[in-house]
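Inside the fold
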Amino acid sequence: MYTPRSKPANLTDSTTLRLRPARVRFAAALLALLLASSAAVRPLPASAQETDLCGDVDGSGAIVATDALIVLRAAVGLPATPLCPPCPQGAVVESAPLVGSTLPLGSTLPLMAAPTSRPHSHGGNQRHACGDFDLSGARVASDALLALRHAVGLGDAPLCAVCAIWHIDQAAAPGGDGSLAAPYNTFTPINGAGGDGDFDEPGDVIFVFHHSAAYDVSLELESEQVLIGERAGLAVDGTTVVTPGQAPTLTSSSGIAVTLADDNLVTGLDVADTAGDAVSATARTNAVLSDVNIANAGGSAIALTDCDGALDLTDVDITDPTANGLAVTNLAASATINYTGSMSVTGGEGLLSVDASAAGSAINLSRSGGNTLTATDTTGSSFNLFDVDGDVTVDIPTSIDNPGFSALFVGLGSGTRSFTDLTVTNQRTGNAALDLIDSDGTVNFTNVNVTTDGTLDDFGRLGLAAIPGNVVNMFGSNSIHSTGGPALALHGLSSFDITLDAVTSLGSTLVGPTSRSGIVVLDAGDPSSTFTVAGTTTIDGPTNDGIGIDEADGTYTFANVNISDTGREGLVLGVVTGNLGTVNVNGGTISNTALNGVRAGSATLGGFAILNMNNTTINNVGVATLRLANSVLSGSGNSANDFSCTDEGGNSGQISFNGGTCP
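This is a predicted model, so every value here is computed, not measured.

Now for the overall build of the chain. From N to C terminus, the chain includes three helices and 54 strands. Across the 663 residues in the chain, those meeting the buried criterion constitute 53%. Expressed as a percentage of contacts within the chain between residues at least 6 apart in sequence, the contacts between residues at least 24 apart total 66%. Of the roughly 23,300 Å² that the chain leaves accessible, carbon and sulfur atoms contribute 52%.

One finds Ile-302 and Phe-531 to be the most contacted residues of the largest nonpolar core, which totals 127 residues. Those residues in contact with Phe-531, other than ones at most four positions away along the chain, are Leu-488, Leu-490, Phe-496, Ile-498, Leu-500, Ile-519, Thr-555, Tyr-556, Thr-557 and Phe-558. In terms of nonpolar packing, the next biggest core, distinct from the first, is built from five residues, Leu-462, Ala-465, Ala-489 and Val-520 among them.

What follows concerns unusual backbone geometry. A cis geometry characterises the amide bond from Cys-662 onward to Pro-663, with omega recorded as 0 degrees. On the secondary structure map, Pro-663 appears in the segment after strand E54 (660-662). At Asp-387, a position not held by glycine, the phi torsion is positive, near 55 degrees. Turning to its location among the elements, Asp-387 is positioned in strand E25 (residues 383-388). With a relative accessible area of 30%, Asp-387 lands in the partly exposed category.

Attention now moves to the state of the cysteines. The bond known as a disulfide is covalent and runs between the sulfur atoms of two cysteines. Enumeration over the complete set of coordinates arrives at one disulfide. Here Cys-645 is linked by a disulfide to Cys-662, with a sulfur-sulfur distance of 1.6 Å. In this structure the cystine formed by Cys-645 and Cys-662 twists about its S-S bond by roughly 55 degrees; its chirality is therefore right-handed. Taken together, the residues span a long stretch of sequence, with Cys-645 in strand E51 (residues 645-647) and Cys-662 in strand E54 at a distance of 17 residues.

Before going further, it helps to examine the pairing of strand E47 (residues 616-621). Successive side chains on a regular strand alternate, one facing one side of the sheet and the next facing the other. Pairing analysis gives five bridges linking strand E44 (residues 588-593) to E47, with the strands arranged parallel. Bridge pairing in E47 links Ser-591 to Asn-619. Where E47 lies against strand E50 (residues 639-640), two bridges are found, and the strand directions are parallel. Paired with Thr-617 across the two strands is Ser-639, which belongs to E50.

Within this structure, the stated rule accounts for five salt bridges. The closest approach of N and O atoms between Asp-270 and Arg-231, which form a salt bridge, is 2.9 Å. Placement of the pair is Asp-270 in strand E14 (residues 264-272) and Arg-231 in the loop between strand E9 (226-229) and strand E10 (234-236), with a sequence separation of 39 residues. Residue Arg-231 is classed as partly exposed on the basis of its relative accessible area of 23%. Here the salt bridges share partners, and the residues they tie into one network are Arg-231, Asp-270 and Asp-291.

Here the focus is the confidence of the model for the chain. Looking at the chain, pLDDT values average 77 and 73% of them are 70 or higher. Across residues 1-69, where pLDDT falls below 50, the model places 172 contacts with residues more than four positions away in sequence or in other chains. Counted against residues more than four places away or in other chains, residues 81-149, with its pLDDT under 50, gives 199 contacts.

By the element assignment, Asn-596 lies in the loop between E44 and strand E45 (598-600). Apart from the residues lying within four places of it in its own chain, the contact partners of Asn-596 are Arg-568, Glu-569, Gly-570, Val-621, Val-623, Ala-624 and Arg-627.

Further remarks concern the side chain of Asn-264. As for its placement among the helices and strands, Asn-264 is situated in strand E14. Setting aside residues no more than four positions away along its own chain, Asn-264 makes contact with Leu-221, Glu-222, Ser-223, Glu-224, Gln-225, Asn-286, Ala-287 and Val-288.

Moving on to the environment of Ala-362. The residue Ala-362 is located in strand E23 (residues 362-365) in this model. Judged by its relative accessible area of 18%, Ala-362 is buried. Along the chain, Ala-362 and Thr-336 lie 26 residues apart, while their C-alpha atoms are 4.8 Å from each other.

Let us now look at the environment of Gly-350. Tracing the backbone through its elements, the reader meets Gly-350 in strand E22 (residues 350-357). Along the sequence, Gly-350 and Ala-327 sit 23 residues apart, while their C-alpha atoms lie 9.3 Å from each other. Contact partners of Gly-350, with chain neighbours within four places excluded, come to Ala-323, Asn-324, Gly-325, Val-345, Thr-378, Ser-381 and Ser-382.

This part covers the environment of Gln-246. Along the polypeptide, Gln-246 turns up in the loop between strand E11 (239-242) and strand E12 (249-251). Here the alpha-carbon distance between Gln-246 and Phe-209, two residues 37 residues apart in the chain, equals 8.2 Å.

Cut-offs applied
- Residues numbered from 1 in each chain as written.
- Predicted model: local features only at pLDDT ≥ 70, side-chain atom pairs only at ≥ 80, totals over all residues.
- Heavy atoms only, no water.
- Helix = DSSP H or I, 4+ residues; strand = E, 2+ residues; numbered from the N terminus.
- Buried < 20%, exposed > 50% of the residue type's maximum accessible area, 1.4 Å probe, protein only.
- Contact = heavy atoms within 4.5 Å.
- Areas by Shrake-Rupley, 256 points an atom, 1.4 Å probe, with all protein chains shown as cover.
- Core = buried A, V, L, I, M, F, W, Y, C linked by side-chain atoms within 4.5 Å.
- Disulfide = S-S within 2.5 Å.
- Pairing = 2+ DSSP bridges.
- Salt bridge = Lys/Arg side-chain N within 4 Å of Asp/Glu carboxyl O.
- pLDDT = per-residue confidence, 0-100.

Dropping the structure here:
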């Protein structure tokens, strides 16, 4: 249940206003005299039932002397006249008056309870609005209310708790006034274009009752407004006005269902079957969506462009948008988007699309209970992150099946992107399952399982492709299984820390001389980089090499290899220029290679390598068991059915086999 209340920037989440003694020292003596005077502070007559929103005039326009605002006015030397002009005829609201008695300096002043209706008989936006506007709707910058607020240390926001609550019920009789007793049966009276020509004002509450049919509306909220559906219920100052019930559904046959302004809250409703985006905001600051379900949006479920501030999407469930679940464009440096909920996309573009975010911004998709992200048969990348200088964290378990492009695409940008519990299956078209291109940022994976099936598209055969700039880390339990292309192709990475439980590459025939291998590492890493396969590395039938590592630094460790039927070498290291890093092979089998079982370094090209091989079997090779040049070698316990060694010179150390040593 949601309790509407005001929350100026420097007020707490209470319905009270605390005087700040430090800000009213100059008025302390005057206030003390005022509080001592029984004439100045006197009880409100019991018959007075109607007050305006500021509480300083009753229904006839007379001053309510007990109004705490009058105490404040006197404290700062203002006359005891109404802060607000009398309400226009027909604009008087029913509300509880402020409680008045003696109020010591620094005490808590109770704010007036929010009204539950605001009947209007006048047109346009000529309405009383707590003294911050005149009757034409223009801001009165010199209003005494502003002087009062500044004197007690507050800003320019209205002092009132809530200016109005408008009730919408599609089942209500025509001609309602928006009150609880006579709701509007359409949004029209409060939905003027850009907030003009309607009855509601910034800061108002719009309460929508459930109806069996969806409300067809393109609702433009105004700043600080609250949109509440019946699922959340309605309470005012702790009093239940409407008990929680079923959620109303908003749709829009013409485009966007809900357009956000600044500082909006939307809760307790559903949005479905819209012609365009379900919820949209452009150049807005701060928003909260809570307990909202969005289904079958004609565009994206939530689209945020040029936004700033805190954007909290809590318990928001998204199903089958035509475009993306969450689409973000040009996120400002100080913006933070927090999302918790479940998201399911079938046949749409993807789950999350970010087109440019500034450094300092953050997008967090956070797990909560049983929340999941699911994408099936999407037309684009399930996660599409382009030119992202801010951080992106996806901590909700995610399943992606048969994506139309990469399951994850990262292009350009310098931010940190982190993914936990990500499963990709049947990656078969578009690009690598995990495709990281030309980024200066960091990509972190924890508990990732990727399976590709390159039967439809050459470029859909890669498991993980990362090319210049990225720092790539894989923690926890990870595995990559690729059909038709390399399991991993790492090129030009500045650094990495990769741990995998298992790696498989079957029939790698992807076009490109180095990409036809099972694992490719080229011009990558620094001395701190590590690449470890703790389980089995299975590579079968690559057109090129089983594992190719060249111009690489760091430490590469394979606990057990199963490399077979290669078009060239089984394992090739540092042939072009050399490996500064160390390669450890600690067991397994290399068999049926077209050329050598292992080739390390090159006498003709000047390459070199550091290789430590133990307990590994090499059988049925086309040329030699080992071909070595300019390399540092060690290892024992190895075997070969027909051992042979090609020593091209420049080596140090040796590798021992059952048939001898090399060199």
